[in-house]
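Structure assessment
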Amino acid sequence: MTTRKIYWICQVLGWGLYSAAGAVGVSQEIGWRPAVVAGYLLFGVYSIALTELFRREIRRRQWLTASGSRMMLSLGLGALMVGSIQTFLVIAVSLALDRRSTLLLQPANALWLWLGIIGVTSVWTILYVSLTTTRRSREKEVHAQLAVREAELRALEAQVNPHFLFNCLNSIRGLVLEDPALAQDMITRFANILRYNLHRDLNHTVPLASEVGVVTDYLALESIRLEERLKVRMAVEPGAAEVAVPPMLLQSLVENAVKHGIAPLPGGGELLVSARLEGDVLILEVGNPGLLGNPRPGATGLGLANARERLRILYGTRASLTLENRNGSVAATVMVPRVV
Amino acid sequence: VTALIVDDERLARLELRRLLAAHPEVEIVGEARHAKEALDLIPKLAPDLVFLDIQMPGMTGFDLLERLEEVPQIIFTTAYDAYAIRAFEVSALDYLLKPIDPKRLAAALSKVRPPTQPGRLEQVFLRDGDRCWVVRLPDIFLLESEGNYTRVWFDNERPLIRRSLNALEDQLDDAMFFRAGRKEIINLKWIDKVNIGVNGGLVVTLRGGRTVEMSRRQSARLREVLSL
């Protein structure tokens with residue numbers, strides 16, 4: 001059932017029952033009169049209409065999303081106004097239907113009638129607001145969950161690079177006859193990368209050594225493809241290897257550097273990977289020839305954005321990732337604290 | 001048929017060479033390691049067929065084709081490139097996914113047409129936004145000048161390409177194409193009707209309904225050409 005339908009059922013049932021109860025109550029007190037029944041029937045009808053107008057106004061002016069005090073004030077005044085109009089209509093209709101209703105014109109009676117109706121309208125307002133806001137917050141929660149899922153999926157897509165995967169398989173196929181031993185080695189490395197990708201948990205850290213291991217496998221496979229075009233210089237300080245880092249962090253930087261820095265150059269270039277400790281800070285650097293500032297078509301910058309986001313979640317402001325031009329090459333630098 | 005392999009990976013070229021060994025009718029006349037090299041080799045070797053990788057350093061396979069004056073028959077090869085594959089699919093071009101399935105290679109080769117005499121422009125590569133086509137010249141019925149660009153009419157398509165009508169005219173076969181006016185080149189094989197227009201010149205109606213009005217001078221030339 002749609003929320004719209006539920007709303008209308010509640011409206012008709014609520015005001016209908018309230019009017020019926022009122023009509024029965026008054027009839028028991030003063031005897032059965034058609035004017036009383038007609039009066040209450042009309043009361044039900046214009047109450048539904050007035051509160052519907054009130055609801056539209058609440059939506060149009062977006063009172064439910066306003067700040068707390070403004071929302072209370074607006075809703076309170078609105079309910080007061082609706083109640084006052086109802087009271088006025090009750091008196092007018094009663095006088096028109098039955099001249100004996102002049103009793104209602106006495107200030108005390110009118111005041112009680114007014115207060116009673118204001119009470120009912122306030123209850124209506126409270127019910128409406130509470131039902132609507134719980135529904136909205138539930139929707140918001142669902143939205144938030146969806147956003148998290150989407151981010152996870154995007155991260156996954158960014159990491160399993162199908163272009164690399166299939167090119168690799170093709171190279172290995174070519175290698176099988178030429179150099180069977182190397183082909184076997186490459187299949188093992190390929191398996192290592194797949195396993196690392198499948199078993200990693202993005203929310204936990206791994207020692208830098210295992211990240212360096214997968215990067216080594218990855219670069220070995222890329223050199224099969226790129227051959228003499230890819231030269232690698234890797235320097236990892238012994239102390240740095242044990243530091244805990246987010247999985248796939250170094251890997252995504254290296255992959256980026258190969259994809260944007262080496263592969264587009266017909267002559268290739270040298271890739272530099274280094275890890276060192278400065279006090280309690282681990283510094284990872286990945287450098288490749290080229291210049292920043294002219295992204296290739298198809299480059300989304302998603303890989304880096306993802307890496308930054310993960311660093312922020314894990315370390316807050318204590319970690320950083322920068323990308324800069326440095327003596328004719330592009331350098332990506334990550335700093336993470338040694339202890340989480 | 002003679003074939004050229006264009007791929008930036010040595011092992012990929014080697015692998016394709018091995019797969020082609022099963023097809024003795026294909027003679028591999030050369031290899032190019034990137035698009036620039038192919039740009040030199042294709043006019044020099046004039047292969048009947050080119051196996052073309054899309055993602056290569058410096059220039060993509062598509063860019064290469066746009067720069068070629070004469071486009072041989074093409075079989076695209078790619079490992080994975082969502083953009084290129086979409087282009088192939090909307091354009092019904094032949095492509096092979098790496099690693100290449102020998103059966104798919106055989107199927108693609110069976111569609112290759114036998115070579116014709118060299119030096120004649122047979123087909124052109126056209127690209128317009130996301131879409132691309134390799135169009136055989138007999139299928140083009142009208143070329144229409146739009147400034148420095150030319151609109152090419154064939155099938156139900158009419159992409160705009162980045163070459164002037166005058167530049168194209170020099171490459172086209174006189175026996176097939178005729179300069180009908182300042183802005184149009186028509187395919188003679190596509191002429192449906194010829195009428196006399198109000199100014200005394202001819203009005204040609206092409207199959208499909210498109211009409212082209214000609215000057216008196218061009219009308220006289222067309223009479224000559226058609227009577228031959």
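Scroll up for the structure.
Reading the values: rules and limits
Along each chain, numbering runs from 1 in the same order as the chain's sequence is written. For naming, the first written chain is A and the first written ligand is 1, with later ones following in the order written. Reporting of local features is limited, given that this is a predicted model, to residues whose pLDDT is at least 70; pairs of side-chain atoms are given and counted only at 80 or more, and all residues count toward the totals for whole chains, interfaces and linings. Just so you know, side-chain values use all the structure's heavy atoms and leave hydrogens and water out. A helix here means a DSSP run of H or I that spans at least four residues, while a strand means a run of E at least two residues long, and both kinds are numbered starting from the N terminus. Relative accessible area decides the class of each residue, using a 1.4 Å probe on protein chains only: under 20% of the type maximum gives buried, over 50% gives exposed, and in between gives partly exposed. It only takes one pair of heavy atoms within 4.5 Å for two residues to be counted as in contact. We get accessible surface area from the Shrake-Rupley algorithm with a probe of 1.4 Å; when it comes to residues, only the shown protein chains can shield them. The rule for pairing is simple: two strands pair if DSSP sees at least two bridges between them. Pairs of N or O atoms are called polar contacts if they sit within 3.5 Å, as long as, within protein, a hydrogen donor faces a hydrogen acceptor (for residues adjacent in sequence, only side-chain-to-side-chain pairs). By convention, the term buried area covers the 1.4 Å-probe accessible surface removed from two parts as they join, with the contributions of both added. In what follows, salt bridge is the name for a side-chain nitrogen of Lys or Arg lying within 4 Å of a carboxyl oxygen of Asp or Glu. Residue classes follow a fixed rule: Ala, Val, Leu, Ile, Met, Phe, Trp, Tyr, Cys and Pro count as nonpolar, while Asp, Glu, Lys and Arg count as charged, and any other residue, Gly among them, counts as polar. The span expected for a helix works out to 1.5 Å for each residue beyond the first. Taking the helix axis as origin, the arc is that swept by the directions to the C-beta atoms. To obtain each axis, a line is fitted to C-alpha atoms, and for helices this fit is confined to the stretch in contact; angles are then taken between N-to-C directions over 0 to 180 degrees. Among the buried residues, those of types Ala, Val, Leu, Ile, Met, Phe, Trp, Tyr and Cys that are joined through side-chain atoms within 4.5 Å form a nonpolar core. Only residues whose relative accessible area exceeds 30% and that form no salt bridge enter a patch; like-charged residues are grouped when within 9 Å of one another, and nonpolar side chains (Val, Leu, Ile, Met, Phe, Trp, Tyr) when within 5 Å. Asp and Glu count as negative and Lys and Arg as positive, but His and the ends of the chain are not part of the count. A single reference atom marks each charge: NZ on Lys, CZ on Arg, CG on Asp, CD on Glu. Points on a 1 Å grid over protein atoms alone make up a cavity when a 1.4 Å probe fits among them but cannot get out, and a pocket when they form an open set with protein on both sides within 12 Å along at least five of seven lines; lining residues each have an atom within 4 Å of a point. Grid points are joined across faces, edges and corners, and a volume is the space filled by probe spheres set on the points.

Details of the overall build of chain A
- Within chain A, the regular secondary structure consists of 9 helices and 7 strands.
- A total of 340 residues make up chain A; the buried ones form 38% of that total.
- Sequence-distant contacts, at least 24 apart, represent 70% of the contacts inside chain A between residues at least 6 apart.
- Counting every atom, chain A has about 19400 Å² of accessible surface; 65% of that belongs to carbon and sulfur.

Digging into the pairing of strand β7 (residues 131-136) of chain B
Residues and elements named next belong to chain B.
- As judged from the 6 bridges shared by strand β6 (residues 123-128) and β7, these two strands associate in the antiparallel manner. Opposite Arg127, over in β7, you have Cys132 as the bridge partner.
- Once β6 ends, the chain turns through 2 residues before running back antiparallel as β7, passing Gly129 with a positive phi of about 65°.

Thoughts on unusual backbone geometry
- Omega for the bond connecting Lys98(B) with Pro99(B) falls within 30 degrees of zero, at -5°, which places this linkage in the cis form.
- With respect to the secondary-structure elements, Pro99(B) resides in the loop between β5 (95-97) and α5 (102-110).
- You will see that Gln62(A), though not glycine, has its phi angle at about 55°, which is positive.
- Notably, Met248(A) is not glycine yet its phi reads approximately 70°, a positive angle.
- The topology assignment puts Met248(A) in the loop between β3 (244-245) and α8 (249-262).

Thoughts on the side chain of Glu9(B)
- Along the polypeptide, Glu9(B) turns up in the loop between β1 (2-6) and α1 (10-20).
- Assessed through its relative accessible area of 2%, Glu9(B) is described here as buried.
- A polar contact is formed between the side chain of Glu9(B) and the side chain of Ser171(A), at a distance of 2.9 Å.
- Side-chain polar atoms of Glu9(B) contact the side chain of Arg225(A), separated by 2.4 Å.
- In contact with Glu9(B), other than residues within four places in its own chain, are Asn167(A), Ser171(A) and Arg225(A).

Overview of the interface of chain A and chain B
- Taken residue by residue, the interface counts 20 residues in chain A and 19 residues in chain B.
- With both sides pooled, the region where chain A packs onto chain B buries about 1900 Å², and carbon together with sulfur makes up 52% of that total.
- Looking at the side of chain A facing chain B, the largest losses of area belong to His163(A), Asn170(A) and Arg173(A), adding up to 30% of the total buried there.
- Counting the contacts that link chain A with chain B gives 5 salt bridges.
- Arg10(B) serves as the salt-bridge partner of Glu178(A), at 2.7 Å between the closest nitrogen and oxygen.
- At the boundary of chain A and chain B, one finds 8 residue pairs in polar contact (both at pLDDT 80 or more).
- Counting residues per element, the side of chain A that touches chain B draws most heavily on helix α5 (residues 162-178) of chain A, at 12 residues.
- Split into classes, the residues belonging to the side of chain A that touches chain B amount to 10 nonpolar, 5 polar and 5 charged.

Quick notes on helix α6 (residues 180-199) of chain A
Residues and elements named next belong to chain A.
- Between its first and last C-alpha, α6 extends 28 Å over 20 residues, near the 28 Å set by a 1.5 Å rise per residue.
- Of the residues making up α6, those classed as buried are Ala183, Met186, Phe190, Ile193, Tyr196 and Asn197. Along the axis of α6, the buried positions cluster into a sector of 145°, meaning they face one direction only. In α6, those exposed residues whose orientation departs by more than 90 degrees from the buried face are Ala181, Gln184, Leu198 and His199.

Overview of the sheet that holds strand β14 (residues 202-206) of chain B
All names here are of chain B.
- Taken together, 3 strands build an open sheet; the order of strands is β13-β14-β15 and the sheet is antiparallel. With partners counted over all chains shown, the strands left at the sheet margins are β13 (191-196) and β15 (211-213), one partner each. Each adjacent strand pair in this sheet contributes to an overall mean axis angle of 20°, direction not counted.
- Relative to β15, β14 runs antiparallel, the two sharing 3 bridges. Within the sheet, the bridge partner assigned to Thr205 lies in β15 and is Thr211.

With respect to the nonpolar core
- Ranked by internal contacts, the top residues of the largest apolar core, which has 49 residues, are Leu208(A), Leu250(A), Val254(A), Leu271(A) and Leu282(A).
- Of all elements in the fold, only α5, α6, α7 (208-226), α8, β4 (269-278), β5 (281-289), α9 (302-315) and β7 (329-337) of chain A reach the threshold of two or more residues within this core.
- It is α7(A) that provides the largest number of residues to this core, a total of 10 residues.
- In this structure, Leu41(B), Val50(B), Ile54(B) and Leu93(B) belong to the second largest nonpolar core, which totals 26 residues.

Looking at a nonpolar patch on the surface
- A surface patch of nonpolar side chains, about 300 Å² in accessible area, is lined by Ile9(A), Leu13(A) and Leu17(A).
- Assignment of secondary structure puts Ile9(A) in helix α1 (residues 3-30).

What about a positive patch on the surface?
- Together, Arg4(A), Arg59(A), Arg136(A) and Lys140(A) make up a region of like positive charge exposed at the surface.
- With respect to the helices and strands, Arg136(A) occurs in helix α4 (residues 107-159).

Digging into α5(B)
All names here are of chain B.
- Those residues of α5 that fall on the buried side of the exposure criterion are Leu105, Ala108 and Leu109. Down the axis of α5, the buried side of the element spans an arc of 100°, and every buried residue falls inside it. In α5, the exposed positions that point more than 90 degrees away from the buried face belong to Lys103 and Ser110.

Thoughts on the environment of Arg179(B)
Residues and elements named next belong to chain B.
- Note that Arg179 resides in strand β11 (residues 177-179).
- Considering only alpha carbons, one finds Arg179 and Gln218, 39 residues apart in sequence, at a separation of 7.8 Å.
- When residues no more than four places from it in sequence are discounted, the contact partners of Arg179 are Leu165, Asn166, Glu169, Glu184, Ile185 and Gln218.
- Within polar-contact distance, the side chain of Arg179 engages the side chain of Asn166 at 2.9 Å.
- Side-chain polar atoms of Arg179 contact the side chain of Glu169, separated by 2.9 Å.

Structural notes on the layout of surface pockets
Residue and element names in this part refer to chain A.
- Looking at the second largest pocket, its volume works out to about 850 Å³.
- Of all the elements in the fold, those that place two or more residues in the lining of the second largest pocket are α1, α2 (34-60), α3 (68-97) and α4.
- Here the residues of the lining of the second largest pocket are counted per class, giving 15 nonpolar, 6 polar and 4 charged.

The values are spatial; any link to function lies outside them.
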